[in-house]
Amino acid sequence: MATNETALPTTEDEWRVRLSPEEFRVLRQAGTEAPWSGEYVETKTEGTYDCRACGAALYPSDYKFDSHCGWPSFDDAIPGAVKEIDDHSLGMVRTEIRCARCDSHLGHVFRGEHFTPKNTRHCVNSLSIRLDPKD
């Protein structure tokens, strides 16, 4: 059992206590927030986007770009911060991205769309991240 704010929960019941119901649905049950509804879709503030569940740094703001897809988009993650797994839901194969520290759902990664020189789009739920603004 997690005994303080910095310890990671070890059960889903502990995550339910730490997260709001909507955060739990997205982060722990691989849900998706509605397009254009998230607080970070159009944010341009400099800083670092951290995992909302555990606080791990995931994306620097200079990796963020306007993809016009309805969710915050990044062309890469901090090395080692995100893990990829195959997602066979919805009758197709996609690549889910999760926080490497706490295994919480962030969104999906798409390649080959030619939005950026890296040709990669990390499509992330605003409910999965929290902006730590640059001082």
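Residues numbered from 1 in each chain as written. Predicted model: local features only at pLDDT ≥ 70, side-chain atom pairs only at ≥ 80, totals over all residues. Heavy atoms only, no water.

## Section: the state of the cysteines
Tallied over the full model, the rule gives 0 disulfides. Left unpaired, Cys 69 is separated from the closest cysteine sulfur, that of Cys 123, by 3.9 Å. Overall, the relative accessible area of 10% leaves Cys 123 in the buried class. (Disulfide = S-S within 2.5 Å. Buried < 20%, exposed > 50% of the residue type's maximum accessible area, 1.4 Å probe, protein only.)

## Some words on the sheet that holds strand 2 (residues 57–60)
The strands that make up a sheet are held in pairs by hydrogen bonds between backbone atoms, and each pair lies either parallel or antiparallel. What the 3 strands build is an open sheet, ordered 2-1-9; its pairing is antiparallel. Since the sheet does not close on itself, it has two edges, and those belong to strand 2 and strand 9 (129–133), each with one partner. Averaged over all pairs of adjacent strands, the angle between their axes in this sheet comes to 30 degrees, without regard to strand direction. Here strand 1 (residues 47–51) pairs with strand 9 via 5 bridges, running antiparallel. In the sheet register, Cys 51 faces strand 9, and the bridge partner there is Ile 129. (Pairing = 2+ DSSP bridges. Helix = DSSP H or I, 4+ residues; strand = E, 2+ residues; numbered from the N terminus. Axes fitted to C-alpha atoms, helices over the stretch in contact; angles between N-to-C directions.)

## Concerning the packing of aromatic side chains
Tallying each qualifying case throughout the model produces 4 aromatic pairs. Aromatic side chains Tyr 49 and Phe 74 sit 5.1 Å apart centroid to centroid with 70 degrees between the ring planes, which places their arrangement in the edge-to-face category. In this pair, Tyr 49 sits in strand 1 while Phe 74 sits in strand 4 (residues 73–74), placing the two residues 25 residues apart along the sequence. Ring geometry for Phe 65 versus Phe 115: centroids 6.0 Å apart, planes at 40 degrees, classification tilted. In this pair, Phe 65 is assigned in strand 3 (residues 64–65) and Phe 115 in the loop between strand 7 (105–111) and strand 8 (120–124), connecting sequence segments 50 residues apart. In this structure Phe 65 comes out as buried when scored by relative accessible area, which is 15%. For Phe 115, a relative accessible area of 43% gives the class partly exposed. Among the aromatic residues, those joined into a cluster by ring pairs are Tyr 40, Tyr 49, Tyr 59 and Phe 74. (Phe/Tyr/Trp six-rings, centres within 6.5 Å; stacked < 30°, edge-to-face > 60°.)

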